[in-house]
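# Descriptive structure summary
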Amino acid sequence: MNAPTPAAHLAPEIAQRAVPEAFLTALKARFGDNCSTALVVREQHGRDESAFTHVPPPAAVVFAECTQDVADAVKLCAEHKVPVIPFGVGSSLEGHLLAVQGGISIDLMRMNKVLAINAEDLTVTVQPGVTRKQLNDEIKSTGLFFPIDPGADATIGGMSATRASGTNAVRYGTMRENVLALEVVTSSGEIIRTGTRAKKSSAGYDLTRLMVGSEGTLGVMTEITVRLYPLPEAISAAICSFPSIEAAVRTVIQTIQLGVPIARVELIDHNTVRMVNAYAKLGLREEALLLMEFHGSPAGVKEQAETVQEIASEFGGNAFEWATTPEERTRLWTARHNAYFAAVQSRPGCRAISTDTCVPISRLADCLLDSVTETDASGIPYFLVGHVGDGNFHFGYLIDPNNPQECETAEALNQQLVNRALRLGGTCTGEHGIGLHKMDFLRTETGEGAVDMMRTIKRALDPHNIMNPGKIFSM
């Protein structure tokens, strides 16, 4: 967990709304023990993994167990104009869960049932509190899997709300491509459905895509239908070391441009490899590293791997290590999965400020290499990892939370990185979402006209601004 920082520039605008006593009385009457105003419970639901650590907690927490619970809670909030913040596991990174305007948190973790598995249609319908690991455990007997892997064992509801992606996105896409239908409680407490289990539709506005990525600002998702995929007949993983980050990135660019259907390709820089070696007692070469995975038939996997190995050798790639058994693949992926924890442990007491820009694959080297040069010159310790197959990468600036200068430097580096990504045709966030931290970046990226259009949609669907207010843009 990040250590707190007092840096003033990380403090969001806080405008707490009054929560009437009559509202709290009605809430407790409806939900009984499933409504808590205990400080420790409220504080638990008033924190995420973001840089914002000095926001008051919500006034109450409602533990929803079904869609009707959510609808009844939202109706009471609408009646008293009290904000509503959906809550999953609390792993978001941009302040999505924080009660900057007060209100209540609706905890959806008890809504954790897999409702319908339609193996023949490659779909499954779940409640929002189902986590990605739970989902894959429950469907493994069908020979199918759900591929979206943001790293944390996030809920399907939270992943849908932030339009998450992760390590498999280069092959299987993001939540945007994989959510087919939703059940949503609107700001008035009405229950609506969007989309169907059909693979395509031309029926009216695409409300499903509108809700996916809305970060809880337009409604509360209570059922989600997602795509499933057949488990690959063969899976092979490999790591390859490179003499420089540029060589590794050029290998990725050529691999993607040649159309090799690689399932995962992750970059880990030499700093991070060193940190992971110390943390996990591994013996990886302390050079820039690509971690790759190939899915398909045995012959297809072999062909893909040979092609990538040939490309890598052209750029000085060496020390290829292959793994085909689950145990060997797990060992190789340990380096990537432990990167954050290894980095934080490398500087005791530090806090990591993480970025997540994404650029067109052809501009990846330009953006990444200039950013590395800038960060090296700053003197701020950092780790660098990336889902580079789709142009997405993360710097983690390791700052002393009691050093305002380091906080300012990290934020300045982040600003420069985002501006560079935007100049190259990229985005300020590839997968974390806007939340609180990237509100200014959104205006720069889309322009004020587009933000005004988003505001118009928000006002139409949430006229009293009670659905997770103060996030994405100001009203």
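The coordinates are above.
The rules behind each value
Residues numbered from 1 in each chain as written. Predicted model: local features only at pLDDT ≥ 70, side-chain atom pairs only at ≥ 80, totals over all residues. Heavy atoms only, no water. Helix = DSSP H or I, 4+ residues; strand = E, 2+ residues; numbered from the N terminus. Rg over C-alpha atoms; globule rule 2.2 N^0.38 Å. Buried < 20%, exposed > 50% of the residue type's maximum accessible area, 1.4 Å probe, protein only. Contact = heavy atoms within 4.5 Å. Areas by Shrake-Rupley, 256 points an atom, 1.4 Å probe, with all protein chains shown as cover. Polar contact = N/O pair within 3.5 Å; in protein donor to acceptor, adjacent residues only side chain to side chain. Axes fitted to C-alpha atoms, helices over the stretch in contact; angles between N-to-C directions. Parallel < 35°, antiparallel > 145°, perpendicular 65-115°, else oblique. Left-handed = near helix turned anticlockwise from the far one by under 90°. Nonpolar A, V, L, I, M, F, W, Y, C, P; charged D, E, K, R; others polar. 1 Å grid on protein atoms, 1.4 Å probe; cavity = no way out; pocket = protein on both sides within 12 Å on 5 of 7 lines; lining within 4 Å. Points joined across faces, edges and corners; volume = space filled by probe spheres on them.

## Here's the deal with the overall build of the chain
Assigned secondary structure in the chain consists of 17 helices and 18 strands. In terms of overall size, the chain behaves like a compact globule, its C-alpha atoms giving a radius of gyration of 22 Å where 475 residues would be expected to give roughly 23 Å. In terms of principal-axis extent, the alpha carbons of the chain reach across some 70 × 55 × 45 Å. Burial analysis of the chain (475 residues in total) assigns 57% to the buried set. Sequence separation of at least 24 residues holds for 72% of the intrachain contacts in the chain that already meet a minimum separation of 6. Counting every atom, the chain has about 19100 Å² of accessible surface; 52% of that belongs to carbon and sulfur.

## Some remarks on the side chain of Thr155
Here Thr155 is to be found in the loop between strand E7 (144-145) and helix H5 (156-162). One polar contact links the side chain of Thr155 to the main-chain amide nitrogen of Gly158, over a distance of 2.9 Å. Apart from residues lying up to four places away in sequence, Thr155 is in contact with Gly88, Val89, Met109, Pro128, Gly129, Val130 and Thr131.

## Describing the packing of helix H14 (residues 364-378) against helix H15 (residues 404-423)
Here H14 crosses H15 at 165°, and the two axes come no closer than 10 Å. Accordingly, the angle class assigned to the pair H14 and H15 is roughly antiparallel. Of the two elements, H14 crosses H15, and the hand of that crossing is right-handed. Across the interface between the two elements, Asp366, Cys367, Asp370, Ser371, Glu374, Thr375 and Ser378 of H14 pack against Thr409, Leu413, Gln416, Leu417, Arg420 and Ala421 of H15. Its residues assigned to classes, the contact of H14 with H15 shows four nonpolar, five polar and four charged.

## Here we look at the environment of Leu369
Within the secondary structure layout, Leu369 lies in helix H14. Taking the C-alpha atoms as reference, Leu369 lies 6.9 Å from Glu246; in sequence the two are 123 residues apart. Setting aside chain neighbours within four positions, we find Leu369 in contact with Ile245 and Glu246.

## Considerations on the layout of surface pockets
To find leftover empty space, one rolls a probe the size of a water molecule over the atoms. The space that makes up the second largest pocket amounts to roughly 870 Å³. Every residue lining the second largest pocket is counted, 36 residues in all, and those nearest its centre are Arg163, Val212, Gly213, Thr429 and Ile434. Mapped by element, the contributors of at least two residues to the lining of the second largest pocket are helix H7 (175-178), helix H8 (207-211), helix H16 (439-446) and helix H17 (448-461). Here the lining of the second largest pocket gets five residues from one element, more than from any other, and that element is H17. Considered class by class, the residues forming the lining of the second largest pocket number 14 nonpolar, 13 polar and nine charged.

Interpretation note: all reported values are geometric properties and have no functional meaning in isolation.
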